[in-house]
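Architecture at a glance
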Amino acid sequence: MNKTIIINISGRVFHIEEGAYQALKTYIDSVKAHFSNYADKAEIVRDIEDRIAEMFAEQLSQASRQVLLQEDVSLMITRMGKPTDFEADENELFENENLNAINQPKKLYRDTEDRFIGGVCAGIAHYFNVAPKWIRILFIALFAFFGFGVLPYVLLWIVMPKAQTRSERLQMMGKKINLQSFAQSFEEELNAVASNLSQLKANTPAFGKTGLFIRNLVDGLMASIAKLLKFIVRIFGVLAMIFIGLLLCAAFICFTVFMGYISNTDMATIFPLNMITDSLRPLIFVCGFLLVIIPLFALFILLLRVLFNTKILNRNISFSLTALWILALATVTFCVAKNATEFKEQASYTETINLKPNNKQSYVLRLGDERTVQEDVNNDEVDNRIIRISGNDRDFDSPRNLHFDLSIGGADAPILSKTYTARGSNFRNALKNAHLIVYYYHQSDSVLTFDKRFELSNADAWRSQEVNLKLQIPVNATLYIEKKLADRFFYYQLDDCIEDDANDETLIAVTATKNGFLCRKTARAIAKEKERNLEENKDEEVSETVLF
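Residues numbered from 1 in each chain as written. Predicted model: local features only at pLDDT ≥ 70, side-chain atom pairs only at ≥ 80, totals over all residues. Heavy atoms only, no water.

**Details of the sheet that holds strand E9 (residues 415–424)**
One open sheet accounts for four strands, arranged E4-E9-E14-E8; its pairing is mixed. Whereas interior strands pair on both sides, the edge strands pair on one side only; in this sheet they are strand E4 (345–354) and strand E8 (402–409). Here the strands of the sheet are splayed against their neighbours by 20° on average, with no regard to which way each runs. Relative to strand E14 (residues 466–474), E9 runs antiparallel, the two sharing seven bridges. Paired with Thr 421 across the bridge in E14 is Glu 466. Helix-sheet contacts for helix H12 (residues 427–435) involve E4 and E9, and the interaxial angle to E4 is about 40°. (Pairing = 2+ DSSP bridges. Helix = DSSP H or I, 4+ residues; strand = E, 2+ residues; numbered from the N terminus. Axes fitted to C-alpha atoms, helices over the stretch in contact; angles between N-to-C directions. Contact = heavy atoms within 4.5 Å.)

**Quick look at the packing of aromatic side chains**
Per the counting criterion, the structure on display carries 11 aromatic pairs. Taking 6.0 Å as the distance between ring centres and 75° as the angle between the ring planes, the aromatic pair formed by Phe 14 and Phe 56 counts as edge-to-face. Separated by 42 residues along the polypeptide, Phe 14 in strand E2 (residues 12–17) and Phe 56 in helix H2 (residues 41–63) bring together distant segments of the chain. By relative accessible area, Phe 14 is classed as buried at 5%. Phe 56 sits in the buried class, given a relative accessible area of 0%. With 5.2 Å between their ring centres and 80° between their planes, Tyr 127 and Phe 128 make a pair best called edge-to-face. One aromatic cluster in this structure is built from Phe 404, Tyr 441, Phe 450, Phe 489 and Phe 490. (Phe/Tyr/Trp six-rings, centres within 6.5 Å; stacked < 30°, edge-to-face > 60°. Buried < 20%, exposed > 50% of the residue type's maximum accessible area, 1.4 Å probe, protein only.)

**Observations regarding the sheet that holds strand E5 (residues 362–367)**
Ordered in space as E11-E12-E5-E15-E16-E17-E18, the seven strands form an open sheet in which the pairing is mixed. Because the sheet does not close on itself, it has two edges, and the strands there are strand E11 (441–444) and strand E18 (545–547). Each strand axis lies, on average, 25° off the axis of its neighbour in the sheet, ignoring direction. Where E5 and strand E12 (residues 447–450) come together, four bridges link them in parallel fashion. What sits directly across from Arg 366, in E12, is Thr 449.

**Considering the packing of helix H1 (residues 18–34) against H2**
Relative to each other, H1 and H2 sit at 150°, their axes nearing to 10 Å. Between H1 and H2, the interaxial angle falls into the category roughly antiparallel. As H1 packs across H2, the resulting crossing turns out to be right-handed. From H1, Leu 24, Tyr 27, Ile 28, Val 31 and Lys 32 reach across to H2, where they touch Val 45, Ile 48, Glu 49, Ile 52 and Phe 56. A breakdown of the residues in the contact of H1 with H2 according to their chemical character gives eight nonpolar, no polar and two charged. (Parallel < 35°, antiparallel > 145°, perpendicular 65-115°, else oblique. Left-handed = near helix turned anticlockwise from the far one by under 90°. Nonpolar A, V, L, I, M, F, W, Y, C, P; charged D, E, K, R; others polar.)

**Considerations on the layout of surface pockets**
One number sums up the size of the second largest pocket: a volume of about 740 Å³. Every residue lining the second largest pocket is counted, 28 residues in all, and those nearest its centre are Arg 305, Lys 311, Leu 313, Asn 314 and Arg 315. Breaking the lining of the second largest pocket down by element, the ones donating at least two residues are E2, H2, helix H10 (281–308) and helix H11 (315–340). Sort the elements by how many residues they give to the lining of the second largest pocket and H10 lands first, with seven residues. (1 Å grid on protein atoms, 1.4 Å probe; cavity = no way out; pocket = protein on both sides within 12 Å on 5 of 7 lines; lining within 4 Å. Points joined across faces, edges and corners; volume = space filled by probe spheres on them.)

**Some remarks on the state of the cysteines**
If you walk through the whole model with that rule in mind, you get one disulfide. A disulfide bridge connects Cys 497 with Cys 519, and the sulfur atoms are separated by 2.0 Å. On the sign convention where negative is left-handed, the bridge of Cys 497 and Cys 519, at about 55° about the S-S bond, is right-handed. Here the residue Cys 497 occupies a position in the loop between helix H14 (491–494) and strand E16 (507–513), and Cys 519 occupies one in strand E17 (residues 516–520), the gap between them amounting to 22 residues. (Disulfide = S-S within 2.5 Å.)

**Details of the pattern of salt bridges**
Applying the stated criterion to the full structure yields 11 salt bridges. The salt bridge partner of Lys 25 is Asp 29, with a shortest N-O separation of 3.2 Å. Residue Lys 25 and its partner Asp 29 are located together in helix H1, separated by four residues, close to a single helical turn. Judged by relative accessible area, which is 37%, Asp 29 ranks as partly exposed. Across the salt bridge formed by Asp 72 and Arg 65, the nearest N and O atoms sit 3.0 Å from each other. Its relative accessible area of 5% is what places Asp 72 among the buried residues. Ionic contacts of the salt-bridge type, sharing partners, join the residues Arg 65, Glu 71 and Asp 72 into one network. (Salt bridge = Lys/Arg side-chain N within 4 Å of Asp/Glu carboxyl O.)

Below you can see the structure in the form of structure tokens.
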């Protein structure tokens, strides 16, 4: 058990072990003693303490600890340096500093001590290690020749922070932040003050007061704009947090619905969810929920931290959430790849049915409004078959892979061929899935009614099921095709044969010939074709029928 002490460094509270505290106190006392003869000693010591507080906060965050140990103080002293390490010749000190400054990462700040307006050009010059005058000339040239330069300058002024402390100035110049750098920075500031005083005496009569007034006015204006922008950003940030919170609630509700906790909806009948194998569906739902919820939660926490400077999650929890998200992504990828193997092979089988002929050789083709869910196939009398129609259509939202084709047959009666196709992990499973397709039609004398879609037995998973209907019609027979059925399966063939004011129950007369099916064009279609030929200067006779 070690004794801990609560200390305050530059406004930050730290818990520190007693031994580490003694080492830290000794170090700070030696720093104060070293800079005791400097005119600006209080500011130098304050900047050093600011840097020490930043280093301690960084070390505690990296180690996920709450208490400073002896090793933390030793690391800080090593990085900052001791006063005794550079109590040598002054020239040698600065030469070593120049060597240490090489390859130090720089940060972009506004240099308000070497400025004409806001210090933007000077800060950029420090970052790219060029003279500030060249950056200023660049902005002036952009404004003078292209009318572009003021807006980027103002935006940079707002975005770039001002180098206020000595530590920030050292970071701006790419120098190490240690005692040696603080000492050199102080000497440079003294020289700069002396130079500025001499220039001020020379320029004050002509430009001093006016330049100072303009500079203070611009500074105040930019400070007000910056505060306004920060307020607007915070408002948008809060709105974004509210929106993300709503998305989190919506994701949770969707998850509970998909899992069947708060709804009776059968997810196995909704496309594309019905593509997923039953055994994989819960795992995919859980992992998919994690893939959505974790990034939203992370974004919510990030906005909370940026807007209100509140840290809620430590590093361990962040790493755990990241690992969980990666695991969920890998699981979903594996499940999707495994489920894709269920579409590897394709199989089909065909059922041929001889329909009942009639003496007039005329047939009406209709599309059923409701679905036939059961047919009494045990009754030998076709006319007396019992058809039960369900008014509640099941939520089978799969693609409507139902195709209808007409052809000329050589028999005396119509022949209907129903080809069922499906996919599976192998041919056997594909054929099994094809046999699970249920599709009904009904014949009542000369009226043939076809269901508008097919069904799957036991709400089986979707495996690219298709039903292809092929109706062979005898030559010289007449078909009366309901407009609703024609719009779905024969729109392009029969469009010119359908009146504009026709309703869904309107019948279109089609005659079966040796050359194909023939229907008579409407007056509107004939007039339109004649007009088109006239525009194209074609001297062609317009046919009054359509052959398909």
